[in-house]
Amino acid sequence: MTDHQVIVRRARAEDIPGLVASSAGLFAEDGGTRDRSVNVDWPRQYGARTFAAALEDPAHLVLAVERDGQVVGHLLGTVTGPTAKRTVTAATLVSIYVRPEHRRARAGDRLVEEFLDWARRQGAEHAEVTAYATNTEAIRFYERGGFTAMTLTLRQAL
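The rules behind each value
Residues numbered from 1 in each chain as written. Predicted model: local features only at pLDDT ≥ 70, side-chain atom pairs only at ≥ 80, totals over all residues. Heavy atoms only, no water. Helix = DSSP H or I, 4+ residues; strand = E, 2+ residues; numbered from the N terminus. Polar contact = N/O pair within 3.5 Å; in protein donor to acceptor, adjacent residues only side chain to side chain. Contact = heavy atoms within 4.5 Å. Pairing = 2+ DSSP bridges. Axes fitted to C-alpha atoms, helices over the stretch in contact; angles between N-to-C directions. Salt bridge = Lys/Arg side-chain N within 4 Å of Asp/Glu carboxyl O. Buried < 20%, exposed > 50% of the residue type's maximum accessible area, 1.4 Å probe, protein only.

(A) Layout of the side chain of Asp-35. Position of Asp-35 relative to the elements: it lies in the loop between α1 (16-34) and α2 (42-56). A polar atom in the side chain of Asp-35 sits 2.6 Å from the side chain of Ser-37. When neighbours within four sequence positions are excluded, Asp-35 is seen to be in contact with Tyr-132 and Arg-155.

So this is what it looks like as structure tokens:
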């Protein structure tokens, strides 16, 4: 699959069902296999409402990956700050997913590039993303995109 067979673009309201399906893919593949505390039905229960609100909010970026008129991936990002606690404007890559059969088209790289460009235009001084420590493939992907480890969350089951 070549780079030109998928389109990365701003999402629109009519993309919401595809965005929800993409988010459901992320939850099933990532959170659903790595964290039992994640509600894998969250995208179907709350995704449409969440994406609709994000599309209307200038502090959010919603991108769609399109192939043959169908949404096959997404990115949701936000920009916040500065605040009294955190004195800089920061961009957070909230979620990103591309269906496995479309990952060789560099859609993920293009999503991140668009997100970082948007974050800079919003005045963000840094961008951040979280990944499960066991998701070494995602960590390598983000590191290739210039992200470096900043914090580590430790968890103890009770």
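(B) Fine view of the sheet that holds strand β3 (residues 70-80). Overall, mixed pairing links the five strands, which are arranged β1-β2-β3-β4-β5 in an open sheet. Taken across any chain shown, the strands that pair with only one partner, and hence form the sheet edges, are β1 (7-10) and β5 (126-129). The sheet shows a mean angle of 25° between the axes of neighbouring strands, direction not considered. With eight bridges joining them, strand β2 (residues 60-67) and β3 adopt antiparallel strand pairing. Bridging across to β3, Leu-63 finds its partner in Leu-75.

(C) Seen up close, the side chain of Ser-22. Take Ser-22: it is sitting in helix α1. Within polar-contact distance, the side chain of Ser-22 engages the side chain of His-74 at 2.6 Å. In contact with Ser-22, other than residues within four places in its own chain, are Gly-73, His-74 and Tyr-97.

(D) Highlighting the pattern of salt bridges. Inspection of every chain in the model, using the stated rule, returns twelve salt bridges. Here Glu-29 makes a salt bridge to Arg-103, at a shortest N to O gap of 3.0 Å. Of the two residues, Glu-29 sits in helix α1 while Arg-103 sits in the loop between β4 (90-98) and α3 (107-121), which places them 74 residues apart along the sequence. Owing to a relative accessible area of 32%, Arg-103 belongs among the partly exposed residues under this scheme. Here Arg-44 and Asp-41 are joined by a salt bridge, their closest N and O atoms 3.4 Å apart. You can call Asp-41 partly exposed: its relative accessible area is 34%. A single salt-bridge network, built from bridges that share partners, covers Arg-9, Asp-15 and Glu-66.

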